[in-house]
Amino acid sequence: MLGALILPAVFPARAAEKTGNAAETIPDVQHRPNGQLVVQPGSSVDKRLTVSAVSVSQWNRGTTSPGTIVAEPSRNVTVLPPATGRIIDMTVKIGDHVQVGDELAHILSADVAQATADEIKARADLDLARRTFNRTQGVLAAGGGTTRDLEAARTALTEAGAEEDRAQTKLDYLSASTTDSGVMTLKSPIEGDVSAVNATAGMNITDITQPLIVVTSIDEVWAVADVPERDIAGLALGQPVNLSMPAFPDKIFHSTVSGITPIMQPDAQVLHVRVILPNLDGKLHPNMYASMTIMEPEPATLSVPQSALLMNNDAVTVFVQVRPHTFERRAVQIIYDDGDNCRVLSGLTPGEQIVTSGAILLNDD
């Protein structure tokens, strides 16, 4: 995690060369009484120095929790029988892809037969009430009959209409029609894949709470993880999330926090956190493992490369360029992070120029 610590080193001034009465050559690095160092322009030291500005960076602290991929509840539908009866046939099997309204099974039911008969009778009563109302209305217009007769016919028509609506609504609830008396047809409520079939032809249905078929769409899935209480201080909707999965070791999935349960789980002291993942290629499957890292941004801080740091008498220092080719040593407080850079807590200001490569050539302590 920590970059290599640079140990103190001494860069000797270039040895004086004398030829006859020639004076000593100017050293590459000159020390001034105020502690500043002056590097001879064009010298070998000058050519090996790299100077860069101190930058401001946004850092993220990641909180990682184990999680799983789950099907989105609204895209995972359990189909229940609306009435008791006997299964005539199952028209799908596990793995089949179905569209909205596709037939899944046919069930012969006495309840459906009764509902079909009720709807046929209600329709006939409505037709009779409508014809009676029209006839009474015609008689009254021709000067015969009474207004009371017309009002009675209107009331009967209204009641017959309401009864026919009730009977038709019950047929719709039972997923049946009057074309096949006593047979209800289970249809898929969503587009997706059949993930479970718990019935077979000839089976009697006595419990209408028993699931028959499960249809699941995984075009979009959730990743759900349990975040411990110690890590929830900065947890919020919209935070960036990175996900890694054993099935895809070289890939990172990116999303944001889309939901946080409001109640802490009392047994493990965790909050359930979920994110939404598009899955149009169908490669993510419910119950896969996923490691969820929630990125929590921290305040912007100064950033310098670790190559600029020097260790001197248990202090961390850098060389700051105060003028062209003129440098001074500066003690800094830093926080090491993964990667090539580290955060600076004190000692530098944004925009200052520091030696980021070759600083060891100036280090003579």
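Predicted model only: the values in this text are computed from it and were never measured.

About the thresholds
Each chain has its residues counted from 1, running along the sequence as written. The predicted origin of the model limits local features to residues at a pLDDT of at least 70 and limits the giving and counting of side-chain atom pairs to 80 or more, whereas totals for whole chains, interfaces and linings rest on all residues. Values shown for side chains rest on all heavy atoms present in the structure; no hydrogens or waters enter the calculation. Should DSSP find at least two bridges between two strands, the strands are regarded as paired. Under the scheme used here, helices are H or I runs from DSSP no shorter than 4 residues and strands are E runs no shorter than 2 residues, and both carry numbers assigned from the N terminus. Only centres within 6.5 Å qualify two rings of Phe, Tyr or Trp (six-membered ring in Trp) as a pair; their planes then separate them into stacked at under 30 degrees, edge-to-face at over 60, and tilted for everything else. For every residue, the accessible area obtained with a 1.4 Å probe (protein chains only) is divided by the maximum for its type, and the residue is called buried under 20%, exposed over 50%, and partly exposed between those limits. Both a distance and an angle decide whether a charge sits over a ring: NZ of Lys or CZ of Arg must be within 6 Å of the ring centre and within 35 degrees of the ring normal. Here a polar contact means two N or O atoms within 3.5 Å. Within protein one must be a hydrogen donor candidate and the other an acceptor candidate, and residues neighboring in sequence count only if both atoms are side-chain atoms. By definition, residues are in contact when any of their heavy atoms lie within 4.5 Å. The criterion is simple. A nonpolar core is a set of buried Ala, Val, Leu, Ile, Met, Phe, Trp, Tyr and Cys residues joined through side-chain atoms within 4.5 Å. In what follows, salt bridge is the name for a side-chain nitrogen of Lys or Arg lying within 4 Å of a carboxyl oxygen of Asp or Glu. In a helix, the anticipated span is given by 1.5 Å times the number of residues less one.

Colleague: What is the right way to read the pairing of strand β7 (residues 85-90) from this model?
Modeller: The two faces of a sheet get side chains in turn, since along a regular strand they alternate between them. Pairing geometry for β7 and strand β12 (residues 204-205), over two bridges, is antiparallel. Of the residues in β12, the one forming a bridge with Gly85 is Ile205. Sheet topology places β7 next to strand β9 (residues 103-108); four bridges connect them, and they run antiparallel. Residue pairing in the sheet places Ile87 in a bridge with Ile107 of β9.

Colleague: How should I be thinking about the packing of aromatic side chains in this particular structure?
Modeller: Each aromatic ring pair is described using two quantities: the centre-to-centre distance and the angle formed by the ring planes. Counting across every chain of the model gives one aromatic pair. Judged by centre distance (5.7 Å) and plane angle (70°), the ring pair of Phe248 and Phe253 falls under edge-to-face. Accessibility expressed as a relative area gives 21% for Phe248, which makes it partly exposed. For Phe253, a relative accessible area of 12% puts it in the buried group. The ring of Trp222 is capped by Arg274, whose NZ or CZ atom sits 4.6 Å from the centre of that ring.

Colleague: It is not clear to me how the side chain of Glu352 should be interpreted in this structure. Could you clarify?
Modeller: Mapping Glu352 onto the fold places it in the loop between β24 (341-346) and β25 (353-357). Of the polar contacts made by the side chain of Glu352, one reaches the side chain of Arg330; its length is 3.3 Å. In this structure, Glu352 is in contact with Ser52, Ala53, Val54, Val320, Arg330 and Gly347, ignoring residues within four places of it in sequence.

Colleague: Help me understand the nonpolar core, please; the structure alone is not making it clear to me.
Modeller: Nonpolar side chains in soluble globular proteins tend to end up buried together. In this structure, Leu104, Ile107, Leu186, Leu212 and Ile213 are the most contacted members of the largest nonpolar core, which totals 22 residues. When contributions to this core are tallied by element, the ones reaching two or more residues are β7, β9, α2 (110-141), β10 (183-187) and β13 (213-216). Once you skip the residues sitting within four places of it in the chain, Ile213 turns out to touch Val77, Thr78, Val79, Met90, Val92, Leu104, Val194 and Ala196. Counting residues in each nonpolar core, the second largest holds 21 residues, with Val273, Val275, Leu277 and Met288 among its members.

Colleague: In this structure, what is going on with the pattern of salt bridges? I would like to understand it.
Modeller: Evaluation of the coordinates by the stated rule reveals eleven salt bridges. For Asp96, the salt bridge is made with Lys93, and the minimal N-O distance between the two is 3.3 Å. Notably, a salt bridge pairs Glu163 with Arg166, separated by 2.5 Å at the nearest N-O pair. With a gap of three residues between them, Glu163 and Arg166 both fall in helix α3 (residues 147-173), about one helical turn apart.

Colleague: Just to check I follow, could you spell out the sheet that holds β9 for this structure?
Modeller: Two orientations exist for strands paired in a sheet by backbone hydrogen bonds: parallel and antiparallel. Spatial ordering of the open sheet is given by β10-β9-β7-β12, a layout of four strands whose pairing is antiparallel. Where the open sheet ends on each side, the last strands, each with one partner, are β10 and β12.

Colleague: Which parts of the structure should I look at to understand α3?
Modeller: Residues separated by three or four positions in an α-helix point in the same direction, a consequence of the helix having 3.6 residues per turn. For α3, with 27 residues, the first-to-last C-alpha span of 39 Å sits near the 39 Å given by 1.5 Å per residue. Within the sequence span of α3, burial applies to Leu150, Ala153, Ala160, Gly161, Glu164, Ala167 and Leu171.

Colleague: Help me out: how do you make sense of unusual backbone geometry in this one?
Modeller: Excluding glycine, most residues fall at negative phi; most peptide bonds, likewise, are trans. Residue Gln269 is not a glycine yet carries a positive backbone phi of 55°. In this structure, Gln269 sits in the loop between β16 (248-260) and β17 (270-278). Residue classification places Gln269 among the partly exposed residues on the basis of a relative accessible area of 34%. One non-glycine residue, His325, lies in the positive phi region at around 70°. Mapped onto the elements, His325 comes out in the loop between β21 (315-323) and β22 (326-331).

Honestly, that's just the spatial picture; any functional story needs more than this.
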